[in-house]
Amino acid sequence: MIPVRRLPVLLVPLLLAALVLAGCGGDDGGGGGAAAAPVTGVTQVAAKDNRFTPAAIQVPAGTTVTWTFKDGFVPHDVVADGFTSGEPRRKGTYTHTFDRPGTYPYRCTVHDGMTGRVVVTGS
Ligand SMILES: [Cu+2]
(Lines give C-alpha, C1' and ligand atoms only; values in the text may rest on other atoms or scores of the structure.)
Protein backbone atom coordinates (compact mmCIF):
# COMPACT_ATOMS: atom_id res chain seq x y z
CA MET A 1 0.00 0.00 0.00
CA ILE A 2 1.10 3.58 -0.65
CA PRO A 3 1.02 5.72 2.48
CA VAL A 4 -1.67 8.38 2.15
CA ARG A 5 0.73 11.23 2.84
CA ARG A 6 2.74 10.22 -0.24
CA LEU A 7 -0.17 10.70 -2.60
CA PRO A 8 0.29 14.46 -3.22
CA VAL A 9 3.88 13.77 -4.32
CA LEU A 10 2.66 11.16 -6.74
CA LEU A 11 0.04 13.53 -8.09
CA VAL A 12 2.56 16.19 -9.06
CA PRO A 13 3.93 14.37 -12.13
CA LEU A 14 0.38 13.65 -13.21
CA LEU A 15 -0.56 17.31 -12.94
CA LEU A 16 2.55 18.35 -14.85
CA ALA A 17 1.75 15.83 -17.56
CA ALA A 18 -1.76 17.23 -17.79
CA LEU A 19 -0.41 20.76 -18.12
CA VAL A 20 2.03 19.72 -20.84
CA LEU A 21 -0.72 18.01 -22.77
CA ALA A 22 -2.98 21.02 -22.41
CA GLY A 23 -0.15 23.26 -23.58
CA CYS A 24 0.36 21.14 -26.69
CA GLY A 25 -3.29 21.37 -27.50
CA GLY A 26 -3.14 25.12 -27.36
CA ASP A 27 0.09 25.44 -29.28
CA ASP A 28 -0.77 23.48 -32.35
CA GLY A 29 -3.58 25.73 -33.41
CA GLY A 30 -1.70 26.21 -36.64
CA GLY A 31 -0.80 22.61 -37.22
CA GLY A 32 -2.75 19.92 -35.48
CA GLY A 33 -5.42 22.51 -34.89
CA ALA A 34 -6.49 22.02 -38.45
CA ALA A 35 -7.59 18.55 -37.44
CA ALA A 36 -9.76 19.86 -34.63
CA ALA A 37 -13.52 20.20 -34.98
CA PRO A 38 -14.24 23.06 -37.39
CA VAL A 39 -15.67 26.32 -36.13
CA THR A 40 -19.04 27.27 -37.58
CA GLY A 41 -20.47 30.72 -38.19
CA VAL A 42 -17.09 32.14 -39.17
CA THR A 43 -15.95 33.23 -42.64
CA GLN A 44 -12.83 35.13 -41.60
CA VAL A 45 -9.50 33.45 -41.01
CA ALA A 46 -6.47 35.31 -39.71
CA ALA A 47 -2.94 34.41 -40.79
CA LYS A 48 -1.12 35.58 -37.70
CA ASP A 49 1.55 34.29 -35.33
CA ASN A 50 2.47 31.66 -37.92
CA ARG A 51 -0.92 30.02 -37.74
CA PHE A 52 -4.38 30.21 -39.21
CA THR A 53 -7.05 31.17 -36.73
CA PRO A 54 -9.45 29.50 -36.62
CA ALA A 55 -7.49 26.67 -38.22
CA ALA A 56 -10.64 24.84 -39.25
CA ILE A 57 -13.97 26.34 -40.19
CA GLN A 58 -17.20 24.92 -41.54
CA VAL A 59 -19.34 26.91 -43.94
CA PRO A 60 -22.29 26.23 -46.25
CA ALA A 61 -21.66 25.96 -49.99
CA GLY A 62 -21.57 29.34 -51.70
CA THR A 63 -19.73 31.01 -48.83
CA THR A 64 -16.87 33.38 -49.49
CA VAL A 65 -14.07 32.94 -46.99
CA THR A 66 -11.66 35.80 -46.31
CA TRP A 67 -8.11 35.27 -45.12
CA THR A 68 -6.44 38.28 -43.60
CA PHE A 69 -2.66 38.51 -43.54
CA LYS A 70 -1.70 40.31 -40.39
CA ASP A 71 1.70 39.10 -39.31
CA GLY A 72 3.70 42.23 -40.00
CA PHE A 73 7.10 41.23 -41.37
CA VAL A 74 6.19 37.58 -41.77
CA PRO A 75 4.60 36.71 -45.12
CA HIS A 76 2.08 33.93 -45.53
CA ASP A 77 0.08 32.40 -48.32
CA VAL A 78 -2.95 30.16 -48.66
CA VAL A 79 -2.41 27.21 -50.97
CA ALA A 80 -4.74 24.30 -51.59
CA ASP A 81 -5.60 21.95 -54.41
CA GLY A 82 -7.67 24.21 -56.59
CA PHE A 83 -6.96 27.66 -55.20
CA THR A 84 -4.07 29.80 -54.09
CA SER A 85 -3.58 33.28 -52.76
CA GLY A 86 -0.46 33.72 -54.89
CA GLU A 87 2.73 35.30 -53.65
CA PRO A 88 3.17 35.13 -49.87
CA ARG A 89 2.19 38.46 -48.39
CA ARG A 90 2.39 40.43 -45.19
CA LYS A 91 -0.87 42.30 -45.30
CA GLY A 92 -4.17 42.53 -47.10
CA THR A 93 -6.73 39.84 -47.68
CA TYR A 94 -7.45 36.90 -49.94
CA THR A 95 -10.93 35.61 -50.61
CA HIS A 96 -12.18 32.38 -52.09
CA THR A 97 -15.75 31.28 -52.66
CA PHE A 98 -16.50 27.64 -51.94
CA ASP A 99 -19.24 26.45 -54.26
CA ARG A 100 -19.00 22.72 -53.73
CA PRO A 101 -19.38 20.70 -50.54
CA GLY A 102 -16.24 18.96 -49.41
CA THR A 103 -13.22 19.29 -47.19
CA TYR A 104 -10.52 21.65 -48.36
CA PRO A 105 -7.21 21.40 -46.55
CA TYR A 106 -4.82 24.24 -47.22
CA ARG A 107 -1.43 25.37 -46.03
CA CYS A 108 1.06 28.18 -45.95
CA THR A 109 3.99 27.20 -48.16
CA VAL A 110 6.35 29.40 -46.16
CA HIS A 111 5.81 27.68 -42.83
CA ASP A 112 5.80 23.95 -42.22
CA GLY A 113 2.87 22.99 -40.08
CA MET A 114 0.93 26.17 -40.79
CA THR A 115 -2.18 24.51 -42.08
CA GLY A 116 -5.90 24.99 -42.11
CA ARG A 117 -9.06 23.39 -43.35
CA VAL A 118 -12.38 24.54 -44.72
CA VAL A 119 -15.27 22.13 -44.51
CA VAL A 120 -18.04 23.04 -46.94
CA THR A 121 -21.47 21.59 -46.30
CA GLY A 122 -24.43 21.43 -48.65
CA SER A 123 -26.28 24.75 -48.71
CU1 LIG B 1 2.98 31.23 -43.06
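As a reminder, the structure under discussion sits directly above these lines.
Within each chain, residues carry numbers counting from 1 in the order of the written sequence. For this predicted model, a pLDDT threshold of at least 70 governs which residues receive local features, and a threshold of 80 or more governs which side-chain atom pairs are given and counted, while totals over whole chains, interfaces and linings are taken from all residues. Hydrogens are left out, water is left out, and the side-chain values use all remaining heavy atoms of the structure.

A.B. asks: Requested: an account of the sheet that holds strand E6 (residues 79-80), with residues and values cited.
C.D. replies: Two orientations exist for strands paired in a sheet by backbone hydrogen bonds: parallel and antiparallel. Paired strands are those between which DSSP finds at least two bridges. Put simply, DSSP H or I for four residues or longer makes a helix, DSSP E for two residues or longer makes a strand, and each gets a number counted from the N terminus. Reading across from one edge, E1-E4-E10-E9-E6-E7 is the order of the 6 strands in this open sheet, with mixed pairing throughout. Only two strands of the sheet have a single neighbouring strand rather than two, namely strand E1 (39-40) and strand E7 (83-84).

A.B. asks: For the nonpolar core, give the residues involved together with the corresponding values.
C.D. replies: Nonpolar core, defined: a set of buried Ala, Val, Leu, Ile, Met, Phe, Trp, Tyr and Cys residues in which side-chain atoms within 4.5 Å join the residues together. For every residue, the accessible area (1.4 Å probe, protein chains only) is compared with the maximum for its type, and the residue is labelled buried under 20%, exposed over 50%, or partly exposed between those bounds. With 19 residues, the main nonpolar core has Phe52, Trp67, Val78, Tyr106 and Val118 as its most contacted residues. Residue assignment for this core shows that the elements contributing at least two residues are strand E2 (44-48), strand E4 (56-60), strand E5 (63-69), strand E8 (93-98) and strand E10 (115-121). Residue contributions to this core peak at 3 residues, all from E5. Residue contacts follow a heavy-atom distance rule, with two residues in contact if any of their heavy atoms lie within 4.5 Å. Non-local contacts of tryptophan 67, meaning those with residues more than four positions away in its chain, are made with Val45, Phe52, Val78, Phe83, Gly92, Thr93, Tyr94, His96, Phe98, Tyr106 and Val118.

A.B. asks: Residue-level account of the coordination of the copper ion, with values.
C.D. replies: Looking at the copper ion, one finds its protein donor set to be His76 (ND1), Cys108 (SG), His111 (ND1) and Met114 (SD), positioned 1.9 to 2.5 Å from the metal centre. Coordination shells were defined by N, O and S atoms within 2.8 Å of each metal, extended to 3.2 Å for Na, K and Ca; water is absent from the atom set, which can make sites look incomplete. Any site counts as irregular unless it has four donors with all angles between 85 and 135 degrees, making it tetrahedral, or four or six donors with opposite ones more than 155 degrees apart and the rest between 65 and 115, making it square planar or octahedral. Each of the 4 donor atoms bound to the copper ion contributes to angles spanning 91 to 130 degrees, and the resulting shape is tetrahedral. Along the chain, the residues donating to the copper ion are arranged with the sequence spacing H-x31-C-x2-H-x2-M. For the pair cysteine 108 and methionine 114, a shared accessibility class is recorded, and that class is buried.

A.B. asks: I'd like a rundown of the packing of aromatic side chains, residues and numbers included.
C.D. replies: Pairing of aromatic side chains here covers Phe, Tyr and the six-membered ring of Trp, requires ring centres within 6.5 Å, and sorts the geometry by plane angle: under 30 degrees stacked, over 60 edge-to-face, intermediate tilted. Throughout the structure, instances matching the rule amount to 7 aromatic pairs. Residues tryptophan 67 and tyrosine 106 carry aromatic rings whose centres are separated by 5.2 Å and whose planes lie at 85 degrees to one another, so their mutual orientation is edge-to-face. Placement of the pair is tryptophan 67 in strand E5 and tyrosine 106 in strand E9 (residues 102-107), with a sequence separation of 39 residues. With a relative accessible area of 3%, tyrosine 106 lands in the buried category. Ring geometry for phenylalanine 83 against phenylalanine 98: centres 5.3 Å apart, planes inclined by 90 degrees, an arrangement best described as edge-to-face. Of this pair, phenylalanine 83 sits in strand E7 while phenylalanine 98 sits in strand E8, and the two are 15 residues apart along the sequence. The burial state of phenylalanine 83 is the same as that of phenylalanine 98; both residues are buried. An aromatic cluster of at least three residues, connected via ring pairs, comprises Phe52, Trp67, Phe83, Tyr94, Phe98, Tyr104 and Tyr106.

A.B. asks: I'd love a proper account of the environment of glycine 86, names of residues and values included.
C.D. replies: Note on placement: glycine 86 falls in the loop between E7 and E8. Along the backbone, glycine 86 and histidine 76 are 10 residues apart, and their C-alpha atoms lie at a distance of 9.7 Å.

A.B. asks: How would you summarise the environment of threonine 43 if you had to cite specific residues and measurements?
C.D. replies: The topology assignment puts threonine 43 in the loop between E1 and E2. Separated by 75 residues in sequence, threonine 43 and valine 118 place their C-alpha atoms 9.6 Å apart. Leave out the neighbours within four places in its chain, and threonine 43 touches Ile57, Val59, Thr63, Thr64, Val65 and Thr66.

A.B. asks: Pulling in residues and values, what's your account of the environment of aspartate 71?
C.D. replies: Along the chain, the position of aspartate 71 falls in the loop between E5 and E6. Take aspartate 71: its relative accessible area is 15%, and that puts it in the buried class. In sequence terms aspartate 71 and aspartate 49 are 22 residues apart; their C-alpha atoms lie 6.2 Å from each other. Beyond its immediate stretch of four places on either side in the chain, aspartate 71 contacts Ala47, Lys48, Asp49, Asn50, His76 and Arg90.

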